[in-house]
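Inside the fold
If you want the building blocks of each chain, they are given just below.
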Amino acid sequence: MFNNVSLTQLMAWLGFIIIALSIFLGTSLAYLGKVSLMCFVLALGLFVFSKVPAGLVGMLCLVVAVVLGVPEAMLFNALNQHIVWLMIGAFIMSAVIESSGLLQRLVKWMAMHCYTPLRAIGFMSLAILLMTFTIPSTSSRAAAFMPIFLALKTHFPKYQTFFGLLIPMLILMMTNATLMGAGSHLIGIGILEGQTDAQISYMAFLLWGLPFALIISLLTIFVLRWHIKPNTVNVPLDNASVQYIEHAREPLTSQEKIALSLIGLTILLWLTEALHGFDIAFVTIAMSCIMVLPQFKLIAWNTALKKVSWSLIFFVASATVLGELLVKYKVIAHFQTLFMQGLQHISIMNEWFLILLISVISVMSHLLITSHTTRAVVLIPTFLILCKMFDLNPVAVVFIALIGINYCVTFPVSSKALLIFYELDERPFTTRQLAYLSLYLMPMYIIVMVVMYFIYWQFTGLHLK
């Protein structure tokens, strides 16, 4: 049993035991506060150092908390959250897009229009942006674009490295455009709603995130064009490609028309939340249920459920509750007091310093914590403590932190979207190329975040103070 335990894991368990003893013997927290903090630390350690699925880790840590005295209702209420149902509905909608044929048609549409490298860049950027609004998983979007990359690689062989980097990097940069762009957005907003009375609507996230996503995506393209210098060779399409394009011009099927209409209606309802009053989570789950009706013949109910990433669902549910326990049993308040005592002499907490601090910490976090979702679980509660310490706007702090957390292009392991392309038999790029690009993109990303705050975000409701 212990033969498979690495030295790193043994050291991690030893460190956890020491931390747990310190929590129970060296803090003035109430008993349930100590239990909550210990379980939160245990969850973080298992997320980072173990190979146990994240959803299972979260639920097991909640079970441990219940065994040690936390009310059972906290475990059962884990799924009683808007964010959880929003994600379930989003995954079902994603499955409908794939099964209806719309996703395949997008691939064909790309092949029809991308007959020069420049057109390929433009149409690919547009296609990635459109998919960001409907497919919540970055890895799913990367997998969907794999056939497009293979086709472009055949047509433009000298652009293999360029497109192999461009596609996953644009997927990550476009993630900032919408609330549905990444699971970390839903986790962060779930923690925000659990620990405060504030929330971020779909329309608000779109208003703040879309301009940033477009600007940083454009800068990414320029940096790639400058760093990866392929020869501009327009390769004529072969006969097979011409047949493929002819097939792409076929009219929409009845299933595609139905799916397109329902997806369009869903997005319209998301954007008009303020008018009809229905929560985005309710709209998503309601429309996803309508989409799987047998009469529409889009996808079977059982098939749609299999497309849901249940591990991620349980991860979000458990991580949110673990964060709520820290508030309920005064752990956040305890550390807030300690931090206030340690930082009471600091007099440079102005907006420039705060926005730079949040931006740098959130962007640099991917160098230490490779999991996108784990970064949200670790950082968002920490930044909410900062909000209470300095009386900051929690909506602004959480949104800006989520934007920073989305940067993860230094190493292939920092993002599944990058890893999917990196693990191809014929790797389109090297780790050295990726790290070198990040030397330019990372400071640019931070600078754009700071500039966006002072010229745009603070005037549209995202003021820190």
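Residues numbered from 1 in each chain as written. Predicted model: local features only at pLDDT ≥ 70, side-chain atom pairs only at ≥ 80, totals over all residues. Heavy atoms only, no water.

Observations regarding the overall build of the protein chain
Cut-off, in case you're wondering: Under the DSSP-based scheme used, a helix requires at least four consecutive residues in state H or I and a strand at least two consecutive residues in state E, with every element numbered from the N terminus. Partly exposed describes any residue whose relative accessible area lies between the buried limit of under 20% and the exposed limit of over 50%, with all areas from a 1.4 Å probe on protein chains only and scaled to the type maximum. Each accessible area is a Shrake-Rupley estimate made with a 1.4 Å probe; only the visible protein chains count as cover when residues are assessed.
When helices and strands are counted, the protein chain shows 24 helices and zero strands. Expressed as a percentage of the 465 residues in the protein chain, the buried residues total 53%. Working note: accessible area of the protein chain is about 20,800 Å², and carbon and sulfur atoms make up 68% of it.

A short note on the confidence of the model for the protein chain
Low pLDDT marks regions whose predicted coordinates should not be analysed in detail. Our working rule: Each residue carries a pLDDT score, the predictor's confidence in it, ranging from 0 to 100. We call two residues in contact whenever any of their non-hydrogen atoms come within 4.5 Å of each other.
Of the residues in the protein chain, 87% have a pLDDT of 70 or more, and the chain-wide mean is 81. Looking over the protein chain, one finds the lowest element-wise mean pLDDT in helix H13 (residues 239-248), namely 46, and the highest in helix H22 (residues 394-405), namely 93. In the predicted structure, residues 231-247 sits below a pLDDT of 50 and forms 24 contacts with residues beyond four places in sequence or in another chain.

What about the nonpolar core?
Definition in use: Nonpolar core, defined: a set of buried Ala, Val, Leu, Ile, Met, Phe, Trp, Tyr and Cys residues in which side-chain atoms within 4.5 Å join the residues together.
In this structure, Phe-163 and Trp-457 are the most contacted members of the largest nonpolar core, which totals 162 residues. Considering each element in turn, this core owes the most residues, twelve residues, to helix H24 (residues 431-455). If we ignore the near neighbours within four places in the chain, the residues touching Phe-163 are Pro-117, Ala-120, Ile-121, Met-124, Phe-149, Leu-152, Phe-156 and Pro-168.

Thoughts on the environment of Thr-337
Within the element layout of this structure, Thr-337 appears in helix H19 (residues 331-343). In sequence terms Thr-337 and Ile-385 are 48 residues apart; their C-alpha atoms lie 9.8 Å from each other.

Quick look at the side chain of Thr-284
Checked against the element boundaries, Thr-284 lands in helix H16 (residues 280-291). Residue contacts for Thr-284: discarding those within four places in its chain leaves Leu-86, Gly-89, Ala-90, Met-93 and Trp-270.

Here's the deal with the packing of helix H20 (residues 351-364) against helix H21 (residues 372-390)
The condition that has to hold: Lines are fitted to the C-alpha atoms to define the axes, a helix being fitted only along its stretch in contact, and any angle between axes, read from their N-to-C directions, falls within 0 to 180 degrees. Relative orientations are named as follows: roughly parallel for angles under 35 degrees, roughly antiparallel for angles over 145 degrees, roughly perpendicular for angles from 65 to 115 degrees, and oblique for any other angle. Crossing handedness: left-handed means the near helix sits turned counterclockwise from the far one by under a right angle, and right-handed means the same turn made clockwise. Gly counts as polar in this scheme, as do all residues outside two lists: the nonpolar Ala, Val, Leu, Ile, Met, Phe, Trp, Tyr, Cys and Pro, and the charged Asp, Glu, Lys and Arg.
Running from N to C, H20 and H21 point in directions that differ by 165°, and their axes come no closer than 12 Å. Between H20 and H21, the angle falls in the class roughly antiparallel. As H20 packs across H21, the resulting crossing turns out to be right-handed. Across the interface between the two elements, Ile-358, Ile-361 and Ser-362 of H20 pack against Leu-379, Phe-383 and Leu-386 of H21. Looking at the contact of H20 with H21 residue by residue, the class counts come to five nonpolar, one polar and no charged.

Describing helix H10 (residues 160-174)
Along an α-helix, residues three or four apart share an orientation, since each turn contains 3.6 residues. To be explicit about the condition: The span one expects for a helix is its residue count, reduced by one, times 1.5 Å.
For H10, with 15 residues, the first-to-last C-alpha span of 21 Å sits near the 21 Å given by 1.5 Å per residue. The element H10 is extensively covered by neighbouring structure, given that 14 of its 15 residues are classed as buried.

Focus: the side chain of Thr-220
With respect to the helices, strands and loops of the structure, Thr-220 is situated in helix H12 (residues 202-227). With residues up to four places along the chain from it excluded, the contact list for Thr-220 reads Met-169, Met-173 and Leu-441.

Quick look at the packing of aromatic side chains
Two aromatic rings, taken as a pair, are described by how far apart their centres are and by the angle between their planes. Short version of the rule: A pair of aromatic rings is counted whenever rings of Phe, Tyr or Trp (Trp by its six-membered ring) have centres within 6.5 Å, and the orientation is called stacked for planes under 30 degrees apart, edge-to-face for over 60 and tilted otherwise. Should the NZ of a Lys or the CZ of an Arg lie within 6 Å of a ring centre and within 35 degrees of the ring normal, that charge is described as sitting over the ring.
Taken as a whole and judged by the stated rule, the model has 13 aromatic pairs. Their ring planes at 80° and their centres at 5.0 Å tell us that Trp-226 and Tyr-440 sit as a pair that is edge-to-face. Taken as a pair, Trp-226 in helix H12 and Tyr-440 in helix H24 lie far apart in primary sequence, 214 residues in all. Taken together, a centroid distance of 5.0 Å and an interplanar angle of 85° make the contact between Tyr-453 and Phe-454 edge-to-face. Overall, the relative accessible area of 0% leaves Tyr-453 in the buried class. Taking relative accessible area as the criterion, Phe-454 reaches 17% and is therefore assigned buried. Through successive ring pairs, a cluster of aromatic residues spans Phe-205, Trp-208, Phe-212, Phe-399, Tyr-407, Tyr-445 and Trp-457. When the ring centre of Phe-162 is taken as origin, the NZ or CZ atom of Arg-225, which lies over that ring, is 6.0 Å away.

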